[in-house]
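# Results of the structural survey
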Amino acid sequence: MNEEIAEHADWSVPPLALRPVRVAERLTVGALLLAGLGWALRGVWEIRLAMAGEPASGPPDQGEGVHRPLNALEDSYHLVSSLGGGLALLCALLFLSWLWRVRDNAQTLSGQAPKYAGIWVLLGWIVPVVNLWFPRGIVADAYRTTAPGRKLPACVNVWWGLWLIGMLSGVGFVSSDSTDEIIARAYHEVWPLLLSDAAVVGAAVAGAFVVRAVTAVQAERIR
């Protein structure tokens, strides 16, 4: 019977190959820390704006499509904000690349299909409602499948909790306010901005620990 199965088996389909993750880990950790630094600089500039106080000419956005010329501090905040946004975009691309690698490796190491389809590695971050838990679920699934029976590291829940605060606070990653509107808020209500910034920075640091933890168990399993 075994000989018949072997005779008729389709050996033309190669098994999934393990994908290297150490370089992706280092790049992603570095990008996360840089993104956190960029967001921390935003907080520093928001404190500077609050201490300087709103100019007598009023907020940058005067309403009805009228914008006054920005002063030097406001101009520099635009630059810092753009830098933080660029670092966040780079971080997102590297994190997604790393996440796809560890998800595929978990499948190869365990022989089990992932809990979440591959399309959710991307869409899970942007589709409303499911973006509240799918990304964390993909990370947790990769860890648990790679290291069955091992407890999920606490940094995963810390990272995701801080990410949700930064995303849902209305002044973090997902904000409908323009940069000029955020400047106006810094003049009058800086504390909500700073709390959101702190959550984003914390999520970036905790995310670096998550990347290291998941990569470490995969490297251990491969050895």
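Refer to the structure above for everything that follows.
Heads up: these notes are all about the structure in this document. (Residues numbered from 1 in each chain as written. Predicted model: local features only at pLDDT ≥ 70, side-chain atom pairs only at ≥ 80, totals over all residues. Heavy atoms only, no water.)

What follows concerns the overall build of the protein. Helix and strand counts for the protein stand at 8 helices and 2 strands. Mapped from its N terminus to its C terminus, the protein presents α and β elements in the order α-α-β-β-α-α-α-α-α-α. Counting across all 223 residues of the protein, residues that qualify as buried make up 42%. Contacts in the protein between residues at least 24 apart in sequence constitute 75% of all its contacts with a sequence separation of at least 6. About 12,100 Å² of surface is accessible on the protein, with carbon and sulfur atoms providing 65% of the total. (Helix = DSSP H or I, 4+ residues; strand = E, 2+ residues; numbered from the N terminus. Buried < 20%, exposed > 50% of the residue type's maximum accessible area, 1.4 Å probe, protein only. Contact = heavy atoms within 4.5 Å. Areas by Shrake-Rupley, 256 points an atom, 1.4 Å probe, with all protein chains shown as cover.)

Another point: helix α3 (residues 72-110). Over its 39 residues, α3 runs 57 Å from end to end, which matches the ideal 57 Å to within 8%, given 1.5 Å per residue. Looking at where α3 begins, the residue whose side-chain oxygen comes 3.2 Å from the main-chain nitrogen of L73 is N71. G111 occupies a position one or two residues after α3 and carries a positive phi of about 75 degrees. (Expected span 1.5 Å × (residues − 1). Polar contact = N/O pair within 3.5 Å; in protein donor to acceptor, adjacent residues only side chain to side chain.)

So, on to the environment of W100. Among the secondary structure elements, W100 is positioned in helix α3. You can call W100 partly exposed: its relative accessible area is 30%. Sequence separation of W100 and V121 is 21 residues, and the distance between their C-alpha atoms is 6.8 Å. Aside from chain neighbours lying at most four places away, what touches W100 is R19, G118, V121 and L122.

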